Amino acid sequence: MDKDTRFALLVVGVPLLGAGYCGLMLATMFAFPEARLHPILTATVFVLAPSIVSGTIWLLSSSKAKNKARLGL
């Protein structure tokens, strides 16, 4: 897969994943009465989850790149 294809998948995929994530949040709110009773806690979970996942991916890839640079690869 070349760079243009990967970029096109990124441009199309990120909004679709975002829409799916919003749908998951709405489905959770409709399906579970506990989520409707505690909207601030539910929103906190749905806001922090992608932040933690993206931060973890960024830190792991950053440390991997730093190790490669240190080894001269």
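As shown above, the structure is provided for reference.
Residues numbered from 1 in each chain as written. Predicted model: local features only at pLDDT ≥ 70, side-chain atom pairs only at ≥ 80, totals over all residues. Heavy atoms only, no water.

(A) Expanded view of the packing of aromatic side chains. All chains considered together, the criterion is met by one aromatic pair. Considering the side-chain rings of Y21 and F46, the 5.6 Å spacing of their centres and the 65° angle between planes classify their relative orientation as edge-to-face. Placement of the pair is Y21 in helix α1 (residues 3-31) and F46 in helix α3 (residues 39-71), with a sequence separation of 25 residues. Of the residues examined, F46 reaches a relative accessible area of 13% and is grouped as buried. (Phe/Tyr/Trp six-rings, centres within 6.5 Å; stacked < 30°, edge-to-face > 60°. Helix = DSSP H or I, 4+ residues; strand = E, 2+ residues; numbered from the N terminus. Buried < 20%, exposed > 50% of the residue type's maximum accessible area, 1.4 Å probe, protein only.)

(B) Highlighting the environment of V47. With respect to the element layout, V47 can be found in helix α3. Look at V47 and you get exposed, because its relative accessible area is 54%. It is 32 Å that separates the C-alpha atoms of V47 and M1, two residues lying 46 residues apart in sequence.

(C) View of α1. The end-to-end C-alpha separation of α1 is 41 Å, in line with the 42 Å expected for 29 residues at 1.5 Å each. Where α1 bends most, at G13, the angle is about 25°, and the proline P15 comes one to four residues later. (Expected span 1.5 Å × (residues − 1). Bend = angle between axes of the 7 residues up to and from the residue.)

(D) Spotlight on the side chain of T28. Among the secondary structure elements, T28 is positioned in helix α1. Since its relative accessible area comes to 17%, T28 is described here as buried. A distance of 2.8 Å separates a polar atom in the side chain of T28 from the backbone oxygen of L24. What T28 contacts, discounting residues up to four positions off in sequence, is A35 and F46. (Polar contact = N/O pair within 3.5 Å; in protein donor to acceptor, adjacent residues only side chain to side chain. Contact = heavy atoms within 4.5 Å.)

Treat this as a map of the structure, not an account of what it does.
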